[in-house]
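# What the coordinates show
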Amino acid sequence: MYTDKVMDHFMNPRNVGEIEKPSGVGEVGNPTCGDIMRIYIDVEDDIIKDVKFKTFGCGAAIATSSICTELVIGKSIDEALKLTNEAVAEALDGLPPQKMHCSNLAADALHKAIADYKAKQEAK
Amino acid sequence: MRRVYLDHGATTPVHPEVIEAMVACMRDHFGNPSSVHSFGREAKKLLEDARSNVAKLIGARPEEIIFTSGGTEADNLAIFGVARAMRKKGNHIITSAVEHHAVLDACLALKKEGFEITVLPVDEYGMVKIEDLKAALRPETILVTIMHANNEVGTIQPIKEITRIVKEHGAIMHTDAVQTAGKIPVDVNELGVDLLSASSHKIYGPKGVGCLYIRKGTKMFPLTHGGGQERKRRPGTENLPGIVGFGKAAEIMTRDLPEETSRMTKLRNRLIEGFTAIPEVKLNGHPTDRLPINVNVSIRYIEGESLLLMLDMKGIAGSSGSACTSGSLDPSHVLLAMGIPHEIAHGSLRLTLGRDNSEADIDYVLQVVPEIIERLRAMSPLYDRKEAQACTPIK
Ligand SMILES: Cc1ncc(COP(=O)(O)O)c(C=O)c1O
Ligand code: FES
């Protein structure tokens with residue numbers, strides 16, 4: 001049911017873990033099935049230097065988290081904000097229709113982490 | 001890679017003797033059992049031999065067995081058949097919250113037709129409470145349908161006691177024995193039930209065949225109309241190869257039941273002990289009133305589908321009540337009915353044993369599982385090592 005790319009990212013997820021002093025953290029819950037994802041970002045001069053994630057969810061949720069980190073490392077904040085759920089699913093060569101909602105987690109958590117970073121910047 | 005099939009609750013491999021019997025039936029006895037000639041008579045003999053074997057499996061008389069297309073049709077035939085026949089007497093049906101969808105959805109469909117349905121709750125082990133049943137019975141109750149053992153958590157209901165109360169009240173008693181007939185001793189007279197569903201593919205027979213036991217004198221209407229086959233209760237030319245396979249499977253189950261039951265129980269207990277020794281893993285279902293083939297555990301902080309995928313990569317086949325594995329994205333209605341919170345139902349794993357499993361299979365599972373759990377937990381935002389502690393052992 002999953003593409004080879006999904007299975008690869010599920011079995012060998014990239015950038016799992018936490019960042020000790022993150023520039024921003026974003027956590028989202030999936031209202032459809034109750035799964036949770038947390039993303040940590042490390043930002044320097046508005047460039048995303050590092051991303052780590054932790055996910056409690058299905059194979060698609062873990063794979064989308066993983067590829068999402070790959071897609072945004074090295075990107076500017078503005079570029080990262082343009083990342084859509086569809087783009088994440090596409091980068092995995094597609095997801096089964098009933099699993100499309102899982103791809104929402106990754107991009108949403110990332111956008112939240114960036115919002116968190118921005119709020120912290122403004123507070124400074 | 002080693003492959004370990006632990007999803008016998010979903011379906012079982014067809015027994016070689018069953019395949020042989022089915023092939024012989026198709027090759028040598030293609031006749032229509034209703035025909036007068038020798039071809040028909042030979043087919044009829046196979047049909048009736050199969051009926052005897054299935055009857056023997058559940059302690060019934062052959063003429064009380066109606067072959068169907070499986071457990072689902074048997075459940076529907078029982079529920080709709082009684083509802084239609086007894087409508088003048090009453091319109092109330094009692095069932096339980098942990099039934100298979102074949103029963104629950106049939107009852108739901110009757111609700112739309114104006115029947116009143118009471119869905120009994122269950123306790124933390126998935127067991128129906130006798131007091132709840134007593135309180136739910138009304139003068140207009142015509143049918144009570146409660147499963148013998150649950151397909152997800154393996155809890156065995158006190159059907160004998162339930163039936164006694166239902167019969168005293170004057171209602172008809174149906175039990176879905178799809179998970180028990182062939183796996184534990186089932187005797188319709190010992191249980192006292194009027195109707196009982198069984199299925200072939202859960203006991204090493206082919207898919208798409210099952211039966212409904214109908215106690216002599218039970219009033220019910222057929223769902224389909226046509227020829228006179230199966231005492232007009234299920235007309236249509238019989239699925240003879242399937243029925244022959246079911247008969248053979250029933251014969252083998254009757255023969256091997258005592259031995260297999262004790263072997264399965266040992267393997268099951270080893271799995272349960274192994275799993276519950278892992279911190280924050282809890283057994284779902286009843287610790288002792290439980291199918292010998294069923295293990296169902298909740299593994300905290302991880303999600304069932306990702307666990308199944310990782311197990312599959314190691315050749316191990318299981319199933320889960322996680323929302324993520326269900327088409328509807330709802331967690332198992334059985335686990336929720338038992339009061340298990342959503343996030344714990346999420347991490348549920350069902351492993352169901354069968355004849356092809358060995359001690360070495362259990363060794364293998366218990367060797368690879370802790371590693372997989374550790375890996376998924378390390379990835380989980382809900383897991384905090386410091387808080388993890390061994391769960392209380394099951395009494
Ligand atoms: C308890 C129970 N009832 C009914 C069924 C349906 O049986 P069948 O697959 O033969 O239609 C199943 C099988 O999934 C079951 O486990
Ligand atoms: S996160 Fe639950 S179905 Fe994918």
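For every chain, the first residue of its written sequence is number 1, and the numbers climb from 1 along that sequence. Starting at A for chains and at 1 for ligands, labels are handed out in the order in which the entities are written. For a predicted model such as this one, the threshold for reporting local features is a pLDDT of at least 70, and the threshold for listing and counting side-chain atom pairs is 80 or more; totals across whole chains, interfaces and linings nevertheless cover every residue. Only hydrogens and water are removed before side-chain values are computed, so all heavy atoms of the structure are retained for them.

Per an unreviewed UniProt entry, chain B is named Cysteine desulfurase IscS, and its organism is Heliobacterium mobile. UniProt positions are given in the numbering used here, feature names are shortened, and annotations may be inferred rather than shown by experiment. Listed under Catalytic activity (unreviewed entry) in UniProt, the entry text for chain B is "(sulfur carrier)-H + L-cysteine = (sulfur carrier)-SH + L-alanine".

The name an unreviewed UniProt entry assigns to chain A is Fe-S cluster assembly scaffold protein NifU, from the organism Heliobacterium mobile.

## Remarks on the pattern of salt bridges
Salt bridges are identified by distance alone: a Lys or Arg side-chain nitrogen within 4 Å of an Asp or Glu carboxyl oxygen. Under the criterion given, the structure shown has 32 salt bridges over all chains. The shortest N-O distance in the salt bridge between Asp50(A) and Lys52(A) comes to 4.0 Å. Burial classes follow relative accessibility: with a 1.4 Å probe on protein chains only, a residue under 20% of its type's maximum area counts as buried, one over 50% as exposed, and anything between as partly exposed. You can call Asp50(A) partly exposed: its relative accessible area is 24%. By relative accessible area, Lys52(A) is classed as partly exposed at 21%. With a shortest N-O distance of 2.8 Å, Lys45(B) and Asp49(B) are connected by a salt bridge. With Lys45(B) and Asp49(B) both in helix 2 (residues 38–57) and 4 residues apart, this pair spans about one turn of that helix. One continuous salt-bridge network, built from bridges that share partners, spans Glu17(B), Arg255(B), Asp256(B) and Arg355(B). Helix numbering and strand numbering both begin at the N terminus, where a helix is a DSSP run of H or I of at least 4 residues and a strand a DSSP run of E of at least 2.

## Comments concerning the UniProt feature "domain: Aminotransferase class V" (unreviewed entry) in chain B
Mapped onto this numbering, the UniProt entry annotates "domain: Aminotransferase class V" (unreviewed entry) at residues 4–365 of chain B. Secondary structure content for residues 4–365 of chain B is 40% helix and 14% strand, and the end C-alpha separation is 8 Å.

## Things to note about the state of the cysteines
What counts as a disulfide here is a pair of cysteine sulfur atoms lying within 2.5 Å. Counted according to the given criterion, the structure contains 0 disulfides over all chains. Among the cysteines around Cys68(A), which has no disulfide bond, Cys102(A) carries the closest sulfur, lying 14 Å off. Judged by its relative accessible area of 0%, Cys68(A) is buried. Cys211(B) supplies the cysteine sulfur nearest to Cys25(B), a cysteine that is in no disulfide, at a spacing of 17 Å. Judged by relative accessible area, which is 2%, Cys25(B) ranks as buried.

## Here's the deal with the site of ligand 1
Residue and element names in this part refer to chain B. Residues are classed as near a molecule or strand on a simple rule: at least one heavy atom within 4 Å of it. Contacts to ligand 1 come from 13 residues, most closely from Gly71, Thr72, Asp176, Ser199 and Lys202. In protein, a polar contact requires one atom able to donate a hydrogen and another able to accept it; more generally it is a pair of N or O atoms within 3.5 Å, and residues adjacent in sequence count only if both atoms are side-chain atoms. A distance of 3.2 Å separates an oxygen atom of ligand 1 from a polar side-chain atom of His100. At a separation of 2.8 Å, an oxygen atom of ligand 1 approaches a polar side-chain atom of His201. Protein chains bury 85% of the 400 Å² of accessible surface belonging to ligand 1 in isolation. Under the convention used here, a 1.4 Å probe and the Shrake-Rupley method define accessible areas, while residue burial counts only the protein chains that appear.

## Quick notes on the UniProt feature "binding site: [2Fe-2S] cluster" (unreviewed entry) in chain B
Under the UniProt annotation, "binding site: [2Fe-2S] cluster" (unreviewed entry) lies at Cys324(B). For Cys324(B), the position within the fold is in the loop between strand 11 (316–317) and helix 10 (333–337). Here Cys324(B) falls in the buried class, since its relative accessible area comes to 3%. Each residue touching Cys324(B), except ones within four places of it in the same chain, is listed here: Cys33(A), Asp35(A), Cys58(A), Lys99(A), Glu303(B), Glu305(B), Leu329(B) and His346(B). Any two residues having at least one pair of non-hydrogen atoms within 4.5 Å are treated as being in contact.

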